[in-house]
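Residue strings, one per chain:
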Amino acid sequence: MRVKSTCLNEVIETAILFLYLPIQPNPSFPSVVQHPFTNAPISALNVDGSMRMLELMKPDDLQLWQKEMEHVIRKITDPMLLLSRISKGYRLAFIKYVNDYLSIEDLSKLLRFAWRSVEFPNQDPNFSHSQLCQLFKECPKKLLMHKEELAAYNKLPKTIHIYRGVTSGKKKDIMSLSWTTDHDMAVWFSKRFGNKGFVCEADIAKEDILTYWDIQGESEVIVDPRKLQNVREELIETEKPQL
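Residues numbered from 1 in each chain as written. Predicted model: local features only at pLDDT ≥ 70, side-chain atom pairs only at ≥ 80, totals over all residues. Heavy atoms only, no water.

Asker: Before we move on, could you go through the pattern of salt bridges and cite the residues and values that matter?
Answerer: Scanning all chains against the criterion turns up 12 salt bridges. Two residues, E70 and R74, come together in a salt bridge whose shortest N-O distance is 3.0 Å. Residue E70 and its partner R74 are both found in helix α2 (residues 59–74); the two are separated by 4 residues, about one turn of the helix. A residue is classified by how much of its surface remains accessible, and R74, at 40% relative accessible area, is partly exposed. Of the charged contacts, one joins R116 and E218 as a salt bridge, the two residues approaching to 3.0 Å between their closest N and O atoms. Remark: E218 occurs in the loop between β8 (209–213) and β9 (220–223) and R116 occurs in helix α5 (residues 104–117); sequence separation between them is 102 residues. Residue E218 is classed as buried on the basis of its relative accessible area, which comes to 14%. Via salt bridges that share partners, E13, E70 and R74 belong to a single interconnected network. (Salt bridge = Lys/Arg side-chain N within 4 Å of Asp/Glu carboxyl O. Helix = DSSP H or I, 4+ residues; strand = E, 2+ residues; numbered from the N terminus. Buried < 20%, exposed > 50% of the residue type's maximum accessible area, 1.4 Å probe, protein only.)

Asker: So what about the pairing of strand β7 (residues 197–205)? Which residues, and what values?
Answerer: With 8 of 9 residues buried, β7 is to be regarded as a mostly interior element. With 8 bridges connecting them, strand β5 (residues 159–166) and β7 associate as antiparallel partners. Along β7, the bridge assignment pairs G165 with V199. (Pairing = 2+ DSSP bridges.)

Asker: Which residues make up the packing of aromatic side chains, and what values do they have?
Answerer: Note on aromatic pairs: each is described by the distance of the centres and the angle between the planes. The final tally for this structure, using the stated rule, is 5 aromatic pairs. Summarising the aromatic geometry, the rings of F18 and F94 are spaced 5.4 Å apart at their centres and angled 85° between planes, so their arrangement reads as edge-to-face. Pair noted here: F18 is in helix α1 (residues 8–19) and F94 is in helix α4 (residues 91–98), with a separation of 76 residues, a long-range link. Residues F18 and F94 agree in their burial class; the two are buried. Judged by centre distance (6.1 Å) and plane angle (70°), the ring pair of F18 and Y97 falls under edge-to-face. One end of the pair, F18, is in helix α1; the other, Y97, is in helix α4, with 79 residues separating them in the sequence. (Phe/Tyr/Trp six-rings, centres within 6.5 Å; stacked < 30°, edge-to-face > 60°.)

Asker: Let's hear about unusual backbone geometry: which residues, and what values?
Answerer: If a residue is not glycine, its phi is most likely negative; likewise, a peptide bond is most likely trans. At Q216, a position not held by glycine, the phi torsion is positive, near 55°. Summarising the element assignment, Q216 is placed in the loop between β8 and β9. We classify Q216 as exposed; its relative accessible area is 69%. Although it is not a glycine, N230 adopts a positive phi angle of roughly 55°. With respect to the secondary-structure elements, N230 resides in the loop between β9 and β10 (236–238).

Asker: Let's hear about the nonpolar core: which residues, and what values?
Answerer: Counting 59 residues, the largest nonpolar core has F37, F94, F136, I162 and W179 as its most contacted members. Each residue touching F37, except ones within four places of it in the same chain, is listed here: A15, F18, L19, W65, M69, I73, R85, I86 and S87. (Core = buried A, V, L, I, M, F, W, Y, C linked by side-chain atoms within 4.5 Å. Contact = heavy atoms within 4.5 Å.)

Asker: I'd like to hear about the packing of α5 against helix α6 (residues 129–138), residue by residue, with values.
Answerer: At their nearest, the axes of α5 and α6 sit 9 Å apart, and the two run at 130° to each other. Of the possible angle classes, the one that applies to α5 and α6 is oblique. Considering the relative orientation of α5 and α6, their crossing is left-handed. Across the interface between the two elements, I104, L107, L111 and W115 from α5 touch L132, L135, F136 and E138 from α6. Along the lines of polarity and charge, the residues of the contact of α5 with α6 split into 7 nonpolar, no polar and 1 charged. (Axes fitted to C-alpha atoms, helices over the stretch in contact; angles between N-to-C directions. Parallel < 35°, antiparallel > 145°, perpendicular 65-115°, else oblique. Left-handed = near helix turned anticlockwise from the far one by under 90°. Nonpolar A, V, L, I, M, F, W, Y, C, P; charged D, E, K, R; others polar.)

Asker: Which residues make up the state of the cysteines, and what are the values?
Answerer: Applying the stated criterion across every chain, the model contains 0 disulfides. Not engaged in a disulfide, the cysteine C139 finds its nearest cysteine sulfur in C133; these two sulfurs lie 12 Å apart. We classify C139 as buried; its relative accessible area is 3%. Not engaged in a disulfide, the cysteine C200 finds its nearest cysteine sulfur in C133; these two sulfurs lie 16 Å apart. (Disulfide = S-S within 2.5 Å.)

This is the structure in structure tokens:
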């Protein structure tokens, strides 16, 4: 059962567990690591009144950094502020593990923020597509959308033609949650990495749109991919952008 008020202490304790997860080095890029609270193997820390550069792959330095970060985390009183401190690649995972402690209002805010800040949320390994859909369905549209977005959603017809730009023709990339009502935006997404891409089209009933976001002009609709209709199997190939 969904709690009425967010249990902040439990959210904080979960964040502390994330803090003490091992730092994963990247052999190909020594200046990059994977961890819920840092992307770099070096961190600056004020020690006894002077700044010190800590090498987080060294146990003693790591312990100092974790102690200071735990102090910072325990002082946070807003779940959104806490989520913003977490590395992008871990944000949806964090929501998964604190979901039971969040009010519906905080879940809606955190889900919107995490989804929009993560590069490939549809491919997050912590959720299946059906689990993501269930998370969105639990959140009222009036909490997921801003006032202007909700007004735009209410004006949509009963059936909407939507588009998705992908860099490959693989089914797993097409049958995802993120689509757009803007064909030109789908074309942009299909070739944003400079290689050839594809634009696919589908129809979706308005009632099967889980939310509508118009951030940076993307006109994004989140849908249950199982509800897509008339998906074009012959994909539209886009040209490589001119440099």
